[in-house]
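Fold and geometry: a report
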Amino acid sequence: MKTTLNKKEMDDLLEWFGLSDKEINITLEDEILNTMDKYYNEQQEHEQKKREFIRLFKECYNDIVKFMELDPQKRVPVNCYTCIKGMDLTKQYGKPIKK
């Protein structure tokens, strides 16, 4: 059941808590703005971390490829035959691309 308060009852309730209608609105606006600022700052920090990761990855790309080539378990294919020969594997396995 929903209860509605008239203006006089609302004012009495706010006086009991020692607040005014204006103070409640200002408090809500401050909370909303703080939440929005916090979210924006988190997004900016995340984007900065992404840019830093990409910069470091580009800087160390040759070292990463060398490390993957020397991996004894060959978990990541680096210079595979199909990549070197330019074969199109989308339709069937091992179909060469016509030049």
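Structure's up top.
Residues numbered from 1 in each chain as written. Predicted model: local features only at pLDDT ≥ 70, side-chain atom pairs only at ≥ 80, totals over all residues. Heavy atoms only, no water.

A cluster of nonpolar side chains, contributed by Leu28, Ile32, Leu33 and Met36, occupies part of the molecular surface with about 410 Å² of accessible area. Considering the arrangement of structural elements, one finds Ile32 in helix 2 (residues 21–59). (Patch = residues over 30% accessible without salt bridge, like charges linked within 9 Å, V, L, I, M, F, W, Y side chains within 5 Å. Areas by Shrake-Rupley, 256 points an atom, 1.4 Å probe, with all protein chains shown as cover. Salt bridge = Lys/Arg side-chain N within 4 Å of Asp/Glu carboxyl O. Helix = DSSP H or I, 4+ residues; strand = E, 2+ residues; numbered from the N terminus.)

Turning next to the pattern of salt bridges. Tallying each qualifying case throughout the model produces 4 salt bridges. Put simply, Lys49 and Glu45 hold a salt bridge, and the shortest N to O gap is 3.5 Å. Note that Lys49 and Glu45 are positioned in helix 2 at a spacing of 4 residues, about one turn of the helix. Given a relative accessible area of 55%, Lys49 falls into the exposed group. The partner of Arg55 in a salt bridge is Glu59, with the nearest N and O atoms 3.2 Å apart. A residue pair is termed a helical-turn pair when its members lie 3 or 4 positions apart in one helix, as Arg55 and Glu59 do in helix 2 at 4 residues. Connected through shared salt-bridge partners, Glu52, Arg55 and Glu59 make up one network. (Buried < 20%, exposed > 50% of the residue type's maximum accessible area, 1.4 Å probe, protein only.)

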